[in-house]
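Architecture and fold: a report
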Amino acid sequence: MGWWATATIPLFTGVIGWLINWSGLWMLFKPTSFAGVAVPGLRELARLLPRRIQEFPGLAQGRLGWQGIIPARAAKMGSIAVDKAIAKLGTPADFYRELEPEKIAAHIVATFAPEVPALVDEVMRAEHPALWRDLPQPIRDGIVARVQSQLPGIAGQVTGQIGVHIDQLLDPKYMVIEHFRANPGLVVRIFRDFGQRELDLMVAFGFIFGFLLGIPVAAIDLVWHPWWSLPLMGVVVGWVTNALGMWLIFEPPAPRRVLGVRMQGLFPRRQSEAAEVYARIIADHVITLERIGDHLLHGPRGDTTHRLLADALRPAIDQAAGPARAAVRVAIGPERFDSIRESVTRQAVDRTLTPFQDAVFSRQQADRIQALVAVRTRELPADEFVEMMRAAIKEDEWMLYVHGAIMGLAGGFLHYGLFHLL
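Calculation criteria
- Residues numbered from 1 in each chain as written.
- Predicted model: local features only at pLDDT ≥ 70, side-chain atom pairs only at ≥ 80, totals over all residues.
- Heavy atoms only, no water.
- Helix = DSSP H or I, 4+ residues; strand = E, 2+ residues; numbered from the N terminus.
- Contact = heavy atoms within 4.5 Å.
- pLDDT = per-residue confidence, 0-100.
- Phe/Tyr/Trp six-rings, centres within 6.5 Å; stacked < 30°, edge-to-face > 60°.
- Buried < 20%, exposed > 50% of the residue type's maximum accessible area, 1.4 Å probe, protein only.
- Salt bridge = Lys/Arg side-chain N within 4 Å of Asp/Glu carboxyl O.
- 1 Å grid on protein atoms, 1.4 Å probe; cavity = no way out; pocket = protein on both sides within 12 Å on 5 of 7 lines; lining within 4 Å.
- Points joined across faces, edges and corners; volume = space filled by probe spheres on them.
- Nonpolar A, V, L, I, M, F, W, Y, C, P; charged D, E, K, R; others polar.
- Core = buried A, V, L, I, M, F, W, Y, C linked by side-chain atoms within 4.5 Å.
- Axes fitted to C-alpha atoms, helices over the stretch in contact; angles between N-to-C directions.
- Parallel < 35°, antiparallel > 145°, perpendicular 65-115°, else oblique.
- Left-handed = near helix turned anticlockwise from the far one by under 90°.

Inspection of the secondary structure assignment puts Leu 308 in helix H18 (residues 302-320). Along the backbone, Leu 308 and Gln 161 are 147 residues apart, and their C-alpha atoms lie at a distance of 7.4 Å. With sequence-adjacent residues up to four places away left out, Leu 308 is seen in contact with Gln 161, Ile 162, His 165 and Leu 169.

With that settled, the discussion passes to the confidence of the model for the chain. In the predicted model, the chain carries a mean pLDDT of 76, and the fraction of residues at 70 or more is 82%. Mean pLDDT values for the elements of the chain range from 52 in helix H19 (residues 325-332) up to 86 in helix H2 (residues 9-29).

In this section: the packing of aromatic side chains. Note on aromatic pairs: each is described by the distance of the centres and the angle between the planes. Within this structure, the stated rule accounts for five aromatic pairs. Geometrically, the ring pair formed by Trp 18 and Trp 22 is stacked, given 6.3 Å between the ring centres and 5° between the ring planes. Of this pair, Trp 18 and Trp 22 both sit in helix H2, four residues apart, which is roughly one turn of that helix. Exposure remark for Trp 22: the relative accessible area of 48% places this residue in the partly exposed category. Measuring from centroid to centroid gives 5.5 Å for Phe 250 and Phe 267, while their planes differ by 85°, and the two rings are edge-to-face. You can see Phe 250 sitting in helix H14 (residues 229-250) and its partner Phe 267 sitting in helix H15 (residues 266-269), a full 17 residues away along the chain.

This structure, assessed with the given rule, holds four salt bridges. Between Arg 181 and Glu 178 there is a salt bridge; the shortest N-O distance is 3.4 Å. With Arg 181 and Glu 178 both in helix H12 (residues 172-182) and three residues apart, the pair spans about one turn of that helix. Across the salt bridge formed by Arg 280 and Asp 284, the nearest N and O atoms sit 2.5 Å from each other. Here Asp 284 and Arg 280 lie together in helix H16 (residues 271-286), a separation of four residues that amounts to about one turn. Taking relative accessible area as the criterion, Asp 284 reaches 34% and is therefore assigned partly exposed.

Let us look at the layout of surface pockets. The volume enclosed by the largest pocket comes to roughly 300 Å³. The wall of the largest pocket is formed by 14 residues, among which Gln 54, Glu 55, Ala 60, Gln 61 and Arg 73 lie closest to the centre. In terms of residue class, the lining of the largest pocket is made up of five nonpolar, four polar and five charged.

We now examine unusual backbone geometry. Pro 31 follows Lys 30 through a cis peptide bond whose omega is -15°. Note that Pro 31 resides in the loop between H2 and strand S1 (35-38).

A few words on the nonpolar core. Membership of the largest hydrophobic core comes to 71 residues, with the highest contact counts inside it found for Phe 180, Phe 191, Phe 250 and Met 389. Those residues in contact with Phe 191 that sit more than four places away from it in its chain are Phe 29, Ile 70, Met 77, Gln 196, Leu 199, Phe 250, Phe 267, Met 389 and Ile 393. With six residues, the next largest nonpolar core counts Val 217, Ala 218, Met 233 and Val 237 among its residues.

Structurally, the position occupied by Leu 372 is in helix H21 (residues 359-379). Put simply, Leu 372 and Glu 98 are 274 residues apart on the chain and 7.8 Å apart in space, counted from C-alpha to C-alpha.

A full pass over the atoms with the stated rule returns four cavities of 30 Å³ or more. Taken together, 13 residues make up the lining of the second largest cavity; nearest its centre are Thr 13, Leu 230, Gly 234, Gly 411 and Gly 412. For the lining of the second largest cavity, the secondary structure elements donating two or more residues are H2, H14 and helix H23 (397-421). Looking at side-chain class alone, the lining of the second largest cavity contains seven nonpolar, six polar and no charged residues.

With that settled, the discussion passes to the packing of H12 against H16. Where H12 meets H16, the axes come as close as 11 Å, and the angle between the chain directions of the two elements is 90°. Here H12 lies roughly perpendicular to H16, going by the angle between them. On the side of H12, the interface is formed by Met 175, Val 176, His 179 and Phe 180, while H16 contributes Ile 282, His 285 and Val 286. Considered class by class, the residues forming the contact of H12 with H16 number five nonpolar, two polar and no charged.

Right, let's get into the environment of Gly 185. With respect to the helices and strands, the residue Gly 185 is situated in helix H13 (residues 185-223). As a C-alpha pair, Gly 185 and Pro 71 span 114 residues in sequence and 6.4 Å in three-dimensional space.

This brings us to the packing of H2 against H13. Where H2 meets H13, the closest approach of the two axes is 6 Å, and the angle between their N-to-C directions is 155°. As the angle between them shows, H2 and H13 are arranged roughly antiparallel. Classified by chirality, the crossing of H13 by H2 is right-handed. Each residue belonging to the contact of H2 with H13 can be placed in one class, and the counts come to 20 nonpolar, seven polar and two charged.

So, in structure tokens, the structure goes:
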């Protein structure tokens, strides 16, 4: 019975190694959102625990449960992705140029022009209904026609001014972090879409690592086998199995020869393919024309964008009255005239960037952003690419190692119970 128990140790540690990496993979990605319960007093207790323990998902908020390590650190990965990669992929001006401001201006004209009659009519009825009602129809039509005729110039000036000030108006880091924080599943997709094969391979290697590590454990157990040796060595096997799994994925970043064998991490080995996946996700979901438009108007610097657009629109609105401008200003009073002009300006500002929210147009422009991000991601040094991809895991890898050690400990006790107690 003794030799049989010893002979099964490598097989047993192989199965445990497979389970460790399989469950570790689950811990990395699932669940996307926190799943657990609030425990009264846990928040206060958590403050007394070591800093590392406080980082356990949900603990600092007084909740007991779990969230996948990668989605839990999505915002952090977004921050590092900007600092290490996206900032090098292109400046805000680079991204804006790829969206082709000339086409955006033409799209603004095509979308906004049909709305001009309703906009002018709406403002005039609200601000000075009597004047608007008494104006002959040809004059009213002339005002609308002059506004429409100036639209190409206005749109070009608007997109041009945005381009001049884009570095102050657009904050890609804020956009990426907030979008990753709100959509942690995107970070999971980045790993899954290009790295599922490597992740599955890591699980398979868990058995191989566990089996190989089990051979010296069996030899030690054969000559020196107190009851606690298997659980203790199970802790070592579990810890090392997870550490080897992470090393297999990410290290070394650049090709290196070890004992004559060319070695490179599974993820950096496929950096070129990863670049395409990463670029598509960034172009489709993060740095899109829709999100840029929303960020320009409603982001942290939205007030600046509104002022810039208003300054571009006011002269055109002044000119819309044409030769009758001076007479109209005298007839209704300077303050009333300025009030009408400001009202038109305020409403026109938001409507001017409405075409940014056109999903179809945004998708058409996304191909250029994808091409830019893909090229620059492929050009990243291997170590920076690895740092970008590993950012969501790095600080919490210890949880995976502890999980492996606990499972190894349990496996050691299980083997001892099966072959020594039964």
